[in-house]
Amino acid sequence: MLDAPAANAIEKSHQCMTNSLDYIATKTLARYPKLLQEVTPICRRFLQDQQKEALLFLDDYMEVEKSYVNTNHPEFVERYELAAALFGNHDETKDGEDGGHAQMHVPQHTYNSAPAPNQSALTKLMDRMVGGDAAITEERANKEAELMEKLLMQYFTIVRSQLVDMVPKIIMRFITKKIAKLSSILIKELYTDEKIKYLIQESDRVVKKRKASSKMMQVLLKAEELLRAIEIGKNSDFL
């Protein structure tokens, strides 16, 4: 029930990180299309591997949670005490009033002592219900079933809150912080004598633009020289 939302959060974080890297690479490496073509798949493959590790860790964590219902959890104490009260040695019931005084009756059924602090309230309830205790009335059995449901829901809430806290930590541990290793991976994959000259070739658009800028610069330099010559000629005629 909780597996899918947690996995979805990891997948969305992975997608967000992938989109960010694609955007940054496109902006910074626009001049070098060959380098961009090499960098992008390496980054994506790296993030996919990290996503797989995060999902595997999440699966292991969920299996750990499913393996044992820890009814001794601190947040479980309140519900546990409620269950312990259900199995108290005394069961006082108010049967009416006689002369303005409440009359307390001896309970019809006696129960075992309350569960020890290290004993599972859920286990106690289950043993009683599965055992088919004939002394338990239908009303009492319904209350116990309702209590068991509440205990299970309480524990589900505890696990959910722990998972809500755990998922961002998994994302940070396996995806966000691992980005720091990406630069060394790129250098190892791309920085070789055979590849470097090929990868840093600029795009045809940039080359054409540079040539056009260079020609324009030469024209401007010649125009500057002509203007200086004209100015010098005027000064000579004046003298």
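Residues numbered from 1 in each chain as written. Predicted model: local features only at pLDDT ≥ 70, side-chain atom pairs only at ≥ 80, totals over all residues. Heavy atoms only, no water.

**Student:** Residues and numbers for the packing of helix α2 (residues 33-67) against helix α6 (residues 182-190), please.
**Tutor:** When two helices pack together, their arrangement is given by the angle between the helix axes and the distance between those axes. Packing of α2 against α6 brings their axes to within 11 Å, and their N-to-C directions diverge by 130 degrees. Looking at the two axes, α2 sits oblique to α6. Here the hand of the crossing between α2 and α6 comes out right-handed. Facing α2, whose interface residues are Leu35, Glu38, Val39, Ile42, Cys43 and Phe46, α6 presents Leu182, Ile185, Leu186, Glu189 and Leu190. Residue composition of the contact of α2 with α6, by class: nine nonpolar, no polar and two charged. (Axes fitted to C-alpha atoms, helices over the stretch in contact; angles between N-to-C directions. Helix = DSSP H or I, 4+ residues; strand = E, 2+ residues; numbered from the N terminus. Parallel < 35°, antiparallel > 145°, perpendicular 65-115°, else oblique. Left-handed = near helix turned anticlockwise from the far one by under 90°. Contact = heavy atoms within 4.5 Å. Nonpolar A, V, L, I, M, F, W, Y, C, P; charged D, E, K, R; others polar.)

**Student:** How would you summarise the packing of aromatic side chains if you had to cite specific residues and measurements?
**Tutor:** The final tally for this structure, using the stated rule, is one aromatic pair. Here phenylalanine 57 and phenylalanine 174 contribute two aromatic rings whose centre-to-centre distance is 5.3 Å and whose plane-to-plane angle is 45 degrees, an arrangement assigned as tilted. Of this pair, phenylalanine 57 sits in helix α2 while phenylalanine 174 sits in helix α5 (residues 138-176); the two residues are 117 residues apart in sequence, bridging distant segments of the chain. Owing to a relative accessible area of 12%, phenylalanine 174 belongs among the buried residues under this scheme. Taking NZ or CZ as reference, arginine 173 lies 5.1 Å from the ring centre of phenylalanine 174, over its face. (Phe/Tyr/Trp six-rings, centres within 6.5 Å; stacked < 30°, edge-to-face > 60°. Buried < 20%, exposed > 50% of the residue type's maximum accessible area, 1.4 Å probe, protein only. Lys NZ or Arg CZ within 6 Å of the ring centre and 35° of its normal.)

**Student:** Which residues make up the side chain of histidine 14, and what are the values?
**Tutor:** Inspection of the secondary structure puts histidine 14 in helix α1 (residues 3-28). Assessed through its relative accessible area of 9%, histidine 14 is described here as buried. Excluding its chain neighbours within four sequence positions, the residues that come into contact with histidine 14 are Leu47, Gln48, Gln51 and Ile175.

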